[in-house]
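One-letter residues, chain by chain:
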Amino acid sequence: ILKMLSDRYQAKKQKQFDVADEMRDELMQTYNVRIDDRSAEWRIDTNEYAEAGANELTSEEREYVDAKLKVRFNLKRDRMYSEADAIRDELAE
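In this text the structure is predicted, and so the values were computed from the model without any measurement.

So, how was this worked out
Residues numbered from 1 in each chain as written. Predicted model: local features only at pLDDT ≥ 70, side-chain atom pairs only at ≥ 80, totals over all residues. Heavy atoms only, no water. pLDDT = per-residue confidence, 0-100. Helix = DSSP H or I, 4+ residues; strand = E, 2+ residues; numbered from the N terminus. Axes fitted to C-alpha atoms, helices over the stretch in contact; angles between N-to-C directions. Parallel < 35°, antiparallel > 145°, perpendicular 65-115°, else oblique. Left-handed = near helix turned anticlockwise from the far one by under 90°. Contact = heavy atoms within 4.5 Å. Nonpolar A, V, L, I, M, F, W, Y, C, P; charged D, E, K, R; others polar. Pairing = 2+ DSSP bridges. 1 Å grid on protein atoms, 1.4 Å probe; cavity = no way out; pocket = protein on both sides within 12 Å on 5 of 7 lines; lining within 4 Å. Points joined across faces, edges and corners; volume = space filled by probe spheres on them. Patch = residues over 30% accessible without salt bridge, like charges linked within 9 Å, V, L, I, M, F, W, Y side chains within 5 Å. Areas by Shrake-Rupley, 256 points an atom, 1.4 Å probe, with all protein chains shown as cover. Salt bridge = Lys/Arg side-chain N within 4 Å of Asp/Glu carboxyl O.

**Looking at the confidence of the model for the chain**
Line of reasoning, step 1. Averaged over every residue, the pLDDT of the chain is 87; residues scoring 70 or more account for 91%.
Line of reasoning, step 2. When mean pLDDT is taken per element in the chain, helix α1 (residues 2-13) scores highest with 95 and strand β2 (residues 41-44) scores lowest with 85.

As structure tokens, then:
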């Protein structure tokens, strides 16, 4: 992944934008790597979450939260931020 990111950077530097875009698309399709050129950051998209800290949730509540988080992840990926925020707010209560 790092090699591909470096090669993509070089392609952009050489104004080979079509090549850079193809590399961006390949990184997303193959490795779920999202690139934000404005902030010069990249991340691997995943819908997996881990619990942090102690809690007293039942197994049913954990399953419910996990399902909601997966839906929220997909909404955010699809840029449906209002719907994703509604799930966030629901879970925060």
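Still to come is the rest of the account.
**Describing the packing of helix α3 (residues 59-77) against helix α4 (residues 81-92)**
Line of reasoning, step 1. Taken N-terminus to C-terminus, the directions of α3 and α4 make an angle of 155 degrees; their axes are 8 Å apart at the nearest point. Viewed along their axes, α3 and α4 adopt a mutual orientation that is roughly antiparallel. Along this stretch, α3 crosses α4, giving a crossing that reads as left-handed. Taken together, the residues of α4 that come into contact with α3 (itself represented by Y64, V65, K68, L69, V71, R72, L75 and K76) are Y81, E83, A84, D85, I87, R88, E90 and L91.
Line of reasoning, step 2. Split into classes, the residues belonging to the contact of α3 with α4 amount to nine nonpolar, no polar and seven charged.

**Quick notes on the pairing of strand β1 (residues 33-36)**
Line of reasoning, step 1. Relative to β2, β1 is paired through four bridges, and the arrangement is antiparallel. Pairing of V33 across the sheet is with I44, part of β2.
Line of reasoning, step 2. In this antiparallel pair of consecutive strands, β1 and β2, the connection spans four residues, and A40 shows a positive phi of 55 degrees.

**Let's talk about the side chain of R8**
Line of reasoning, step 1. Of note, R8 is situated in helix α1.
Line of reasoning, step 2. If we skip the residues at most four places from it in the chain, R8 touches A20, M23, R24, I35 and D37.

**Quick word on the layout of surface pockets**
Line of reasoning, step 1. Quantified by volume, the largest pocket comes out at close to 540 Å³.
Line of reasoning, step 2. Every residue lining the largest pocket is counted, 20 residues in all, and those nearest its centre are R34, I35, D36, R43 and R79.
Line of reasoning, step 3. When residues of the lining of the largest pocket are assigned to their parent elements, the largest contribution, four residues, is made by β1.

**Concerning the environment of L69**
Line of reasoning, step 1. Within the element layout of this structure, L69 appears in helix α3.
Line of reasoning, step 2. As a C-alpha pair, L69 and R88 span 19 residues in sequence and 8.2 Å in three-dimensional space.

**Some points on a nonpolar patch on the surface**
Line of reasoning, step 1. Side chains of I1, L2, Y31, W42 and I44 sit close together on the surface and give an oily, nonpolar patch of about 490 Å² of accessible area.
Line of reasoning, step 2. With respect to the secondary-structure elements, Y31 resides in helix α2 (residues 17-31).

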